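Secondary and tertiary structure notes
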Amino acid sequence: MDVKLDPSRDDLPLMANTSHILVKHYVLDLDVDFASQIIEGTIVLFFESGNRFKKRSSSTEVACLSESNEACKFRMPEPCQIPVTNTKTFSSKIGYNDFVICGKGEKDTSGKDGNHDNQEQASGISSSKYCCDTGNHGSEEFLLVLDCCDLSVLKVEEVDVAAVPGIEKFTRSPKLRNQIVHELVALPADRWREQLDYYALCSQAPGCGELLFDTDTWSLQIRKTGAQTATDFPHAIRIRYRTKPQGRSVTWTSDQSGRPCVYTVGSPINNRALFPCQEPPVAMSTWQATVRAAASLVVLMSGENSAKPTQLREGYSSWHYYITMPMPASTFTIAVGSWTEMKPEICSSNDLATERSFSPSEADFRYVGVCGHMEYPCRFQNASATTQKIIPHRVFAPACLKRVCQETLLPLIPPCLSAAHSVLGTHPFSRLDILIVPANFSSLGMASPHIVFLSQSTLTGMSQLCGTRLCHEIAHAWFGLAIGARDWTEEWLSEGFATHLEDVFWAKAQQLAPHEAQEQQKLRACLRWHRLQDEVQNSPEEMQVLRPNKEKTGHVSDSGSSVIRHGLNPEKVFMQVHYLKGYFLLQFLAKTLGEDTYFLFLRKFVHTFHGQLILSQDFLQMLLENIPEEKRPELSVGNIFRDWLESSGIPQPLQRERQALAECGLAQQVSAEVAKWVRVNRRPRKRKRKDREEVFEKLLPDQLVLLLEHLLEQKTVTPRTLQSLKRTYHLSEQDAEVRHRWCELIVKHKYTKAYRDVERFLQEDQAMGIYLYGELMLSEDPRQQHLARRCFELSREQMDRSSAAVVAEMLF
Ligand SMILES: [Zn+2]
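Everything in this summary refers to the structure shown in the same document. The numbering scheme is per chain: residues are counted from 1 as the chain's sequence reads. This being a predicted model, a pLDDT of at least 70 is required before a residue's local features are given, and a value of 80 or more before pairs of side-chain atoms are given or counted; all residues contribute to the totals for chains, interfaces and linings. Excluding hydrogens and water, the side-chain values take into account all heavy atoms of the structure.

Moving on to the pairing of strand 13 (residues 260-264). Across the 5 residues that make up strand 13, a large majority, 4, are buried. A loop of 5 residues connects strand 12 (residues 250-254) with strand 13, the two strands running antiparallel in sequence, and glycine 258 in this loop sits at a positive phi of about 85°. Think of it this way: DSSP has to see at least two bridges between two strands before they count as a pair. Helix and strand assignments come from DSSP, with helices taken as H or I runs of at least 4 residues and strands as E runs of at least 2, each series counted from the N terminus. Strand direction decides the pairing type here: strand 13 and strand 18 (residues 334-337), joined by 3 bridges, are antiparallel. The residue of strand 18 that forms the bridge with cysteine 261 is glycine 337. Here's how the labels work: a residue is buried when its accessible area is under 20% of the maximum for its type, exposed when over 50%, partly exposed in between, all with a 1.4 Å probe on protein chains only.

The 3 strands lie next to each other as 6-10-9, forming an open sheet whose pairing is antiparallel. Both outer strands of the open sheet, strand 6 (143-147) and strand 9 (212-215), are each paired with one neighbouring strand and no more. Direction aside, neighbouring strands of the sheet carry axes that sit 20° apart on average. Two elements, strand 6 and strand 10 (residues 219-223), share 5 bridges in a ladder whose sense is antiparallel. Note on strand 10: the bridge partner recorded for aspartate 147 is serine 219. Axis geometry follows a simple rule: fit a line to the C-alpha atoms, using only the stretch in contact for helices, then measure angles between N-to-C directions, giving values from 0 to 180 degrees.

With water excluded from the atoms, a metal site may look incomplete; its donors are any N, O or S atoms within 2.8 Å, or within 3.2 Å for Na, K and Ca. Taken together, Cys371 (SG), His373 (NE2), Cys378 (SG) and His610 (NE2) make up the full set of protein donors to the zinc ion, lying 1.9 to 2.3 Å away. Donor residues binding the zinc ion come from one chain and are separated in sequence as C-x1-H-x4-C-x231-H. Histidine 373 carries the same exposure label as cysteine 371, and that label is buried.

The strand order 19-20-21-23-22 describes an open sheet built from 5 strands, whose pairing is mixed. Sheet topology places strand 19 (340-342) and strand 22 (445-448) at the edges, where each strand pairs with a single neighbour. Put simply, the sheet's adjacent strands are angled 25° from each other on average, direction ignored. Judged from the 3 bridges that link them, strand 19 and strand 20 (residues 393-397) form a sheet pairing that is antiparallel.

Below is the structure:
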């Protein structure tokens, strides 16, 4: 695959040359300053260079691109390996040092003294100089390419790890720095604590020579004079840098109490405007970070320790977090703000299931054998971790949300965690922080290792929306984090699974009887069917495909770089097709296999693939292998690709399911209620005496959503009916999903008396308000357009950047 960037397109480049060299550990040391909205400090990167290198011969050759990365140790023989196409043509714009590492052993030429070329200005690399000619790499220097954007890089230097006292014990060649790093990286999992400590010590070792660097829009390129191969290139480097206030990885804003805070936004560019890194998921690394901020602030991060602050000089404190499970750098998250830890009120009653309510049958569900991932202290190998149903957790939010957190969120966490454990087994992560993020967060939730962000919109109404969303984010611990997509275009591998599992977890958390659970899940399928139809009608066909790269999925260039098509398209963020089609595929598979068999298989799959990256076929192949052939006629990986993953529109097999969806009892109940409302709506204002008052049934939140969606299909709904609807179901107090449909009704029928509900929604539920802006503008009603503009003006400053761009386009 050629890496050619067309600036007019919305593709996201992944520039890092991960085929040559891989980051194994990051040590961040940062100061967070709210006055300047800058995070400044150093990052030290520890590398391992490839030592089992592929031969560059025919295009049919199959090689594992991550030489030094054990992530390639998949159990499945075929799909884990990536066919390498023999591409020698590279865009000259960026330039690649695309050489071959031949030797196996490492040698450190930077060794003994300060024999480094520091004469040249650090930024003095001219791009023409390293435009590579793959045929002539003998005289070229190795170029480390890191993903980097919107950062001011101040200095890059080699770190003299040999100067760390006691480091000799790791190596027989104590003066060879790269050898020291190599042995430090290779320490066995049971010495993780010692390894972390030495990483920290090494990160503070003195520099031993500045390195040459240059930056462009998407990358930071570093080289060392005389270092021709990745093996020669320093394996521990320190970068001093600062972020920019407008950088797209972090959002500086204020919380619901009006106090300043900053958090990573789950932006399409991930963390590259927070720290220079290797973005491609194949670069799985561990990290540790020390972050200093004003003592009044709380620093939360994806770390496995629940850090407590250390008091520093007057008014400042520092927080230290680490992880020992290698993860893609894109999953790193940080949030700093004036948050309060929410604790349950002592005598709070809790009508949902508690830990004891779950059967212990899963305890004997153990798989023997070692894990398939690279070595780390894995919870799946720890007997007491495998039986832990509820992992330790904390909730943080601004103090003003204390009551709603205590009432809505806190009681839900234990039953949801426990439900997840009962379905999938071992929690991959040892603990969980949950943070209620500021109003401008652009989605309902986001999961990172050890930390989940939840939108304040999940806290409204009953527990339904909060519970399902929490279950969704908890499911990402397995699908999306512990098992990641090797190719980011296969987003369905995390979103489809999390959407499918959220229903299953939530039914268990509520302790529903099997038939009740089934009914509720059918109802949710109905709702998603509506949404999918809507999405398919209103989005470009090419955006509806779950595996857009087809047989090229997972391919990268020789250097390891690649391009994610439409990765920067602002509208993509708001599309749900990956969630919905992925969900329906998994539902279809579960039904074909039988639920019990499917979930037994899923546990086995998790056990095999946790800690690794996968492609669609890894899942599908293993699934099909586990079903006797007579049980799956016409079901093959190829057919599933064709019918579900590589076509736009609604998949054929799903079309056939349509009838079954209509047979849902809860949905039929809704239809009956809709009929009543239609009758009410048709009645003349002055009713005859003999007309009976309609008696309306009590509906579940999901039923309300469906009801309002049906009513949205009505041509006219009178203000009187709308008023009655609002009163009957207390619509202003329902959860954000219900209120969203209610607002759509208000807009469609220009029900001016309830415009305040729309205004409130646009301010408080920014994660979901985007479509409403569109509806308001489409109506071409001056009053509605004015309402949209006014709300946008009020929230524009705070609004998430992608959302603001999409809304601005609708409005002006
Ligand atoms: Zn494991």
